[in-house]
Amino acid sequence: MFYYVLKYVLLGPLLRLLFRPRIEGLEHIPANGAAIIAGNHLSFSDHFLMPAILKRRITFLAKAEYFTGPGLKGRLTAFFFRGAGQIPVDRSGKEAGRAAIREGLGVLAKDELLGIYPEGTRSHDGRLYKGKVGVAVMAISAQVPVVPCAMVGTFEIQPPGQVVPRIKRVTIRFGEPMEFARYAGLENEKAAVRAVTDEIMYAILELSGQEYVDRYAAEVKAEQAKAEPARKFPRLRR
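So, how was this worked out
Residues numbered from 1 in each chain as written. Predicted model: local features only at pLDDT ≥ 70, side-chain atom pairs only at ≥ 80, totals over all residues. Heavy atoms only, no water. Buried < 20%, exposed > 50% of the residue type's maximum accessible area, 1.4 Å probe, protein only. Helix = DSSP H or I, 4+ residues; strand = E, 2+ residues; numbered from the N terminus. Polar contact = N/O pair within 3.5 Å; in protein donor to acceptor, adjacent residues only side chain to side chain. Contact = heavy atoms within 4.5 Å. 1 Å grid on protein atoms, 1.4 Å probe; cavity = no way out; pocket = protein on both sides within 12 Å on 5 of 7 lines; lining within 4 Å. Points joined across faces, edges and corners; volume = space filled by probe spheres on them. Nonpolar A, V, L, I, M, F, W, Y, C, P; charged D, E, K, R; others polar. Pairing = 2+ DSSP bridges.

Enquirer: Would you explain helix α6 (residues 134-142) in this entry?
Expert: Residues that lie three or four places apart on an α-helix share one face, since the helix turns once every 3.6 residues. With seven of nine residues buried, α6 lies mostly within the body of the structure. Listed in full, the buried residues belonging to α6 are Gly134, Val135, Ala136, Val137, Met138, Ala139 and Ile140. One or two positions beyond α6, positive phi appears at Gln143, with a value near 50°.

See the structure below:
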């Protein structure tokens, strides 16, 4: 219930008024039945803008940190994500990945739309990073179509670290549904799920026009975080 209050009364109309999103390819979203919407992830605003323009309800696998933050801000964030029907996902370790897949398959089993960001985290520099294979495992296991999606301009309105987004028009672009029936039964084969994931990421790349990096975003972020103290406090020469 709270999902529809947000979408049609509280948040959706305001977002459409402020950001005036250009919508391309909305006809590619199935009118009914299960499907995965796989998109790039450039900004915290992505969580709100895509659901605001879809006719159907969509459930995202959201990082668990959104549900466990401290203080008033943490409680409000958790309240929002729970009320919007989003599913918390622990992103640490292999078992966490399997749990996320189980949750996602549960959504698809109810003939609903599942939203997922295959990169696994927001892009810190606006580039598109290598996709994780969970999206392929779910698409093959459930035998549902995957609709690629590109958020364009959301990095510019709310890059990492910016709390209040800039008011600027954005574009949300959907591609044709992708079917993977030829991979049926191969959801546990590494080569198959990697091939499907790369095919999905290429479709997102074509829609978004981003620069592609064939590495996981989390790895690059971790490397840069480790290097940051060295740049701030270079060792003195003796």
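The structure having been displayed, the exposition proceeds.
Enquirer: Could you clarify how one ought to interpret the side chain of Ser123 in this entry?
Expert: Within the element layout of this structure, Ser123 appears in the loop between β5 (113-116) and β6 (128-129). Side-chain polar atoms of Ser123 contact the backbone nitrogen of Gly126, separated by 3.0 Å. Apart from the residues lying within four places of it in its own chain, the contact partners of Ser123 are His41, Leu42, Tyr129, Phe155 and Pro160.

Enquirer: For this particular structure, what's the right way to read the layout of surface pockets?
Expert: To find leftover empty space, one rolls a probe the size of a water molecule over the atoms. The calculated volume of the largest pocket comes to roughly 1,300 Å³. What lines the largest pocket is a set of 40 residues, among which Gly97, Ala100, Lys132, Val133 and Gly134 lie closest to the centre. Listing elements by their share of the lining of the largest pocket, those giving two or more residues are β3 (58-63), α5 (94-109), α6, α8 (190-208) and α9 (217-232). When residues in the lining of the largest pocket are grouped by element, the largest group, six residues, is from α5. The residue makeup of the lining of the largest pocket, split by class, is 18 nonpolar, ten polar and twelve charged. Among the elements that line the lining of the second largest pocket, the one with the most residues is helix α4 (residues 71-83), at six residues. Grouping the amino acids of the lining of the second largest pocket by side-chain chemistry returns 18 nonpolar, seven polar and three charged.

Enquirer: Can you help me understand empty space enclosed by the protein in this one?
Expert: Under the definition given, this model contains one cavity of 30 Å³ or more. Here the largest cavity is characterised by a volume of approximately 170 Å³. Surrounding the largest cavity, 16 residues form its lining, His47, Phe48, Pro51, Phe80 and Ala84 being those nearest its centre. Looking at which element gives the most residues to the lining of the largest cavity, the answer is helix α3 (residues 46-53), with four residues. By residue class, the composition of the lining of the largest cavity is twelve nonpolar, three polar and one charged.

Enquirer: Even after reading the chapter, I still don't get the pairing of strand β2 (residues 35-39), so can you show me in this structure?
Expert: Note on strand geometry: in a regular strand, side chains alternate between the two faces of the sheet. Most of β2 is tucked away: five of the five residues are buried. Burial of β2 is two-sided: the residues Ala35, Ile37 and Gly39 facing one way and the residues Ile36 and Ala38 facing the other way are all buried. As paired strands, β2 and β5 are joined by four bridges and run parallel to one another. Bridge pairing links Ile37 to Gly115 in β5. As defined by bridge partners, β2 adjoins strand β7 (residues 146-152) across four bridges and the pair is classed as parallel. Looking across to β7, one finds that Ile37 is bridged to Val147.

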